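Chain residues, written in single-letter form:
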Amino acid sequence: MCSSGAGLAPFFAALAAWIGIYALFLIVKPISRRAVTAPHSPVRITLAGWLTPAALGALQMVALMGILAIALGFTFHHPVGTLGVMMFGSATFAAIILALNVWLGSVGQFLGLVLMVLQLVTAGGTFPWQTLPEPLGALHHVLPLGFVVDAMRQLMYAGGDVARAWADLGVLAIWLLGALALAAIGVAQMTRRRTLRDLQPSLIG
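Presented here is an overview of the structure given in this document. Predicted model only: the values in this text are computed from it and were never measured.

1. Focus: the pattern of salt bridges
Reasoning step 1: Tallied over the entire structure, the rule returns 1 salt bridge.
Reasoning step 2: In this structure, Asp150 engages Arg164 in a salt bridge whose closest nitrogen and oxygen atoms are separated by 2.7 Å. Residue Asp150 is found in helix H7 (residues 144–156), and its partner Arg164 is found in helix H8 (residues 162–192); the two are separated by 14 residues along the sequence.
Reasoning step 3: For Arg164, a relative accessible area of 43% gives the class partly exposed.

Rendered as C-alpha cells:
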C-alpha cells in the first residue's frame, strides 16, 4: 500500500503540469502579430505557437519526475510510462490554453485559471469524485486533469490497469487534437481580419 504522499503524487504532478503551462503562457506570447501577417498556413502558425510551450512543459515534467524519484524517494512501477503521461498531459494543457488565448486573449488566459480551480475539485485527486454534487461529478468525466491523474495512478503503482491508462490517454488525445483544431480555426480568422497596421507590425510584436 502506498503512503499518503505517494497517493497524492499523481494529483499534484498533474496540477503542477497545468500551473507550469499556465505560467509559460504568461511569459510566452502564443501567436505573434508577425506570425499572423506572414504567408504561412494557420496550421503551421498554430503548431509553432504550441510546440514551444509543449517542449518547455516536457522539460518541466522531466525535472518534476527527477524531484519525485530522487528528492522525495517515490518509486514508479512503470517509470517511463508515468513520465510519458506527464509529458503528454502537459502538451494537452498547452494546446487547451493556446486555444483559449487565440480565441479570447487575456480573457482566455483567465479562463485557464478558472479551469484549473474547477479541476482542483473535479479531478478526484484529494477525495473521491463520487462524493461531488451531480453537476461537478459529471465534469470529472470530461475535464482533462482527472484523466492525467488516473493514468498516472495506473502506471505509478503495482497492480494498475495499463489498458485503463491507454483509455485515459485516448481522451487526452481528443482534447489535444480538438484544442489544436480550434486554435487553428481561430488563427485562420485572425489572418482574414488583417489590417494595414497588422501588415507593418512592430519589431517586438
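2. Brief notes about the packing of aromatic side chains
Reasoning step 1: Applying the stated criterion across every chain, the model contains 2 aromatic pairs.
Reasoning step 2: Their ring planes at 70° and their centres at 5.1 Å tell us that Phe11 and Phe12 sit as a pair that is edge-to-face.
Reasoning step 3: Look at Phe11 and you get buried, because its relative accessible area is 3%.

3. Some points on the nonpolar core
Reasoning step 1: Ranked by internal contacts, the top residues of the largest apolar core, which has 52 residues, are Trp50 and Leu98.
Reasoning step 2: Those elements that place two or more of their residues in this core are helix H1 (4–27), helix H3 (42–71), helix H4 (79–104), H7 and H8.
Reasoning step 3: If you tally residues by element for this core, the top one is H4, at 12 residues.
Reasoning step 4: Leu98 has contacts with Phe25, Pro30, Ile31, Thr46, Gly49, Trp50, Leu180 and Ala183, leaving out every residue within four places of it along the chain.

4. Some remarks on H4
Along an α-helix, residues three or four apart share an orientation, since each turn contains 3.6 residues.
Reasoning step 1: The terminal C-alpha atoms of H4 lie 37 Å apart, and with 26 residues this matches the ideal 38 Å at 1.5 Å per residue to within 8%.
Reasoning step 2: Looking one or two residues beyond H4, the residue adopting positive phi is Gly105, at roughly 65°.

5. Points about a nonpolar patch on the surface
Reasoning step 1: Nonpolar side chains collect at one region of the surface, where Trp103, Leu104, Val107, Phe110, Leu111, Leu113, Val114, Val117, Leu182 and Ile185 lie side by side and expose about 850 Å² of accessible area between them.
Reasoning step 2: Among the elements of the structure, H4, helix H5 (106–122) and H8 are those that each provide at least two residues to the nonpolar patch.
Reasoning step 3: At 6 residues, the largest contribution of residues to the nonpolar patch is made by H5.
Reasoning step 4: Along the chain, Leu104 falls in helix H4.

6. As for the packing of H7 against H8
Reasoning step 1: As a packed pair, H7 and H8 sit with axes 8 Å apart at the nearest point and diverge in direction by 155°. For the element pair H7 / H8, the angle class is roughly antiparallel. Classified by chirality, the crossing of H8 by H7 is left-handed. On H8, the residues touching Pro144, Phe147, Val148, Asp150, Ala151, Gln154 and Leu155 of H7 are Val162, Arg164, Ala165, Asp168, Val171, Leu172 and Trp175.

Definitions and limits used
- Residue positions are given per chain, counted from 1 along the sequence in the order it is written.
- Residues qualify for local features only when their pLDDT is at least 70, as the model is predicted, and side-chain atom pairs are given and counted only at 80 or more; totals for whole chains, interfaces and linings, by contrast, use all residues.
- Hydrogens and water are ignored here; the side-chain numbers use all heavy atoms of the structure.
- One side-chain nitrogen of Lys or Arg within 4 Å of one carboxyl oxygen of Asp or Glu is enough to make a salt bridge.
- A helix here means a DSSP run of H or I that spans at least four residues, while a strand means a run of E at least two residues long, and both kinds are numbered starting from the N terminus.
- The classification of residues rests on relative accessible area computed with a 1.4 Å probe and restricted to protein chains. Under 20% of the type maximum is buried, over 50% is exposed, and intermediate values are partly exposed.
- Each pair of aromatic rings taken from Phe, Tyr and Trp, with Trp reduced to its six-membered ring, is defined by centres within 6.5 Å and is described as stacked if the planes are under 30 degrees apart, edge-to-face if over 60, and tilted in the remaining cases.
- Within this scheme, the nonpolar core is defined by two criteria: the residues are buried Ala, Val, Leu, Ile, Met, Phe, Trp, Tyr or Cys, and they are joined through side-chain atoms within 4.5 Å.
- We call two residues in contact when some of their heavy atoms are within 4.5 Å.
- Expected helix span is taken as 1.5 Å per residue step, with the number of steps being one fewer than the number of residues.
- Put simply, a patch holds well-exposed residues, over 30% relative accessible area, that have no salt bridge, with like charges counted together within 9 Å and Val, Leu, Ile, Met, Phe, Trp or Tyr side chains within 5 Å.
- Note on areas: Shrake-Rupley with a 1.4 Å probe; residue coverage comes only from the protein chains shown.
- Axis definition: a line fitted to C-alpha atoms, limited for helices to the stretch in contact. Angles are taken between N-to-C directions and run from 0 to 180 degrees.
- Every angle not falling under 35 degrees, over 145, or within 65 to 115 is termed oblique; those three ranges are roughly parallel, roughly antiparallel and roughly perpendicular.
- Note on convention: the crossing is left-handed when the near helix lies turned anticlockwise from the far helix by less than a right angle, right-handed when the turn is clockwise.

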